[in-house]
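Survey of secondary and tertiary structure
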Amino acid sequence: MNNLSLLFSTVITDEEPIKLLDGLLTLYRRPNSHQWQCRFKLSTGAWHSASTGSDQVAEATTQAIAIYETVKVKIASDLAIKTRTFRQLATQELDAAARVVQANPNKRTHVDYIHIYTKYLIPFFGAYQINDITQELVDDYVAWRISQMGKNPKTYTQRRHAGLYKRVIERARDQGLVHKHRTIPLLEVAADRAEIRPAFNQQEVDYLLQYMRDWERFGRNQRSNHMRRLCRVYVEFLLGTGIRQGTESMPIRWKALQWHWIGEQRYLRIWVSGKTGPRYLIARDFVIVALDRLITWQKLPYVNLEAVIEAKLDKKVFAFPEGDAPYSLDSVFERLMVESGLFKDATGKNRTLYSLRHTYATFALAEGIDIHTLARQMGTSVGMIERHYSKLTPMMSAERLAG
């Protein structure tokens with residue numbers, strides 16, 4: 001890092017706080033602690049502190065500067081500075097409920113809270129980082145809960161689950177674990193009446209694809225431009241594959257892309273390791289054009305996608321020319337939605353990257369692709385497809401049904 005040259009520019013001692021980077025960063029030790037801590041002020045005016053994990057001055061100084069640089073990068077990329085799992089935050093809620101029960105054993109509501117957290121919410125959401133929770137994961141929880149209970153819970157029970165889940169999300173926000181622009185989906189009540197999630201119609205998709213051509217070139221700075229260029233290809237990739245945004249699509253590497261031949265016709269297939277297990281999916285033809293554009297922008301030493309596939313390149317697809325990759329594109333997509341005027345659908349619901357998956361499913365059903373094939377392509381169950389799209393299929397087939 002550029003700031004490492006400053007490591008030994010000053011004579012330091014173990015007794016007094018140590019000023020680094022012209023006073024921007026302070027290294028100090030708390031009373032009765034051997035390890036060094038660091039603190040610095042964020043652009044918001046708030047202070048950020050963290051442990052260096054070391055009791056050696058030189059090592060602690062290196063760690064402190066690394067922490068400082070990492071936090072700067074996260075802020076520039078619109079990412080939360082700290083992360084926690086759902087289990088870690090829910091455990092804090094559990095401890096609070098346990099204290100109430102201990103003080104007042106007759107407080108039955110808090111006994112119920114403990115049961116819901118330990119029996120349902122933590123076993124399902126526990127291992128996920130708060131920022132990795134998607135709408136589809138929340139939908140899957142609803143289906144999983146029914147399988148656990150053997151029935152769809154009553155509205156009263158659903159409200160309890162939704163309220164306790166929301167407490168964990170609010171605790172995450174209070175602790176600065178969720179970026180202000182990040183929308184974490186909430187549990188809904190009356191989940192047995194599934195609603196179609198926000199999607200795009202064909203006219204909106206055509207407009208969005210056209211709008212992004214200019215939008216990607218006018219960011220605030222180079223980092224913003226990089227995020228926009230990557231976001232444009234990512235949007236096209238999601239629209240053309242139906243893959244889950246986030247943990248299923250962001251880690252994909254070039255070597256996972258292959259050609260699938262049927263006679264003389266070839267198709268782009270992608271090996272995906274999703275939450276339902278590994279699978280192949282087939283991409284629409286326009287994805288190839290988007291990936292060729294990405295290869296040129298990343299300045300890879302290959303003329304096109306065909307050459308990259310032949311080379312079995314072991315690098316992330318969704319990365320910047322320098323090789324580093326963003327953790328998420330949720331925030332830049334939200335800005336895209338706001339600036340393009342597409343943020344809300346006709347019912348007033350906010351669109352997210354997940355809306356592109358729903359758009360893919362809607363278009364596929366309209367084209368007559370059967371739900372079994374669609375379920376395999378999207379890495380989900382036939383039941384989930386029927387649950388969310390069964391109301392659409394008669395309307396899509398209106399002409400044929402009317403005879």
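The pLDDT averaged across the protein works out to 85; a share of 86% of its residues lies at or above 70. Ignoring residues within four places in sequence, the model shows residues 1–14, a span with pLDDT below 50, making 21 contacts including any to other chains. Here residues 398–403 is modelled with pLDDT under 50, and outside its nearest four sequence neighbours on either side it reaches one contact, counting other chains as well.

Residues of helix α12 (residues 371–378) that are buried: I371, L374, A375, Q377 and M378. Taken down its axis, α12 places every buried residue within 165° of arc, on the same side. If you follow the buried residues of α12, they end up packed against α7 (222–241), β7 (277–282), α11 (354–366) and α13 (382–389). Its side-chain oxygen placed 3.1 Å from the backbone nitrogen of H372, D370 serves as the N-cap of α12.

This part covers the packing of aromatic side chains. A full pass over the atoms with the stated rule returns 14 aromatic pairs. With a centroid separation of 5.0 Å and an interplanar angle of 80°, the aromatic rings of F40 and Y68 are classed as edge-to-face. Highlighted residues: F40 in strand β3 (residues 36–41) and Y68 in helix α1 (residues 57–76), separated in sequence by 28 residues. Y68 matches F40 in its accessibility class, with the two residues each being buried. Measuring from centroid to centroid gives 5.8 Å for Y141 and W144, while their planes differ by 35°, and the two rings are tilted. Of this pair, Y141 and W144 both sit in helix α4 (residues 135–149), three residues apart, which is roughly one turn of that helix. You can call Y141 buried: its relative accessible area is 0%. Joined through ring pairs, the aromatic side chains of F86, Y120, F124, F125, Y141, W144 and Y165 make up one cluster. A cation sits over an aromatic face here: R266 above W259, 3.8 Å from the ring centre.

Calculation notes
Residue numbers restart at each chain and count upward from 1, following the sequence in its written direction. In keeping with the model being predicted, local features are shown solely for residues with a pLDDT of at least 70 and side-chain atom pairs are shown and tallied solely at 80 or more, while totals for entire chains, interfaces and linings include all residues. The side-chain figures draw on all heavy atoms in the structure; neither hydrogens nor water molecules are used. Values of pLDDT, the confidence the predictor places in each residue, fall between 0 and 100. Only heavy atoms matter for contacts: two residues are in contact if any of them lie within 4.5 Å across the pair. Each residue gets one of three labels from its accessible area relative to the maximum for its type: buried under 20%, exposed over 50%, partly exposed in between, using a 1.4 Å probe on protein chains only. Helix and strand labels come from DSSP, where a helix needs a run of H or I of at least four residues and a strand needs a run of E of at least two; each type is numbered from the N terminus. Each C-beta atom gives one direction from the helix axis, and the arc is the one those directions make. Within 3.5 Å is the distance limit for a polar contact, defined as a pair of N or O atoms, with the added protein rule that one can donate a hydrogen and the other accept it, and that residues adjacent in sequence qualify only through two side-chain atoms. Only rings of Phe, Tyr and Trp enter the pairing, Trp through its six-membered ring, and a pair is recorded when the two centres are within 6.5 Å. The plane angle decides the type: under 30 degrees is stacked, over 60 is edge-to-face, the rest tilted. Sitting over a ring, as applied to charges here, requires NZ of Lys or CZ of Arg to be within 6 Å of the ring centre and within 35 degrees of the ring normal.

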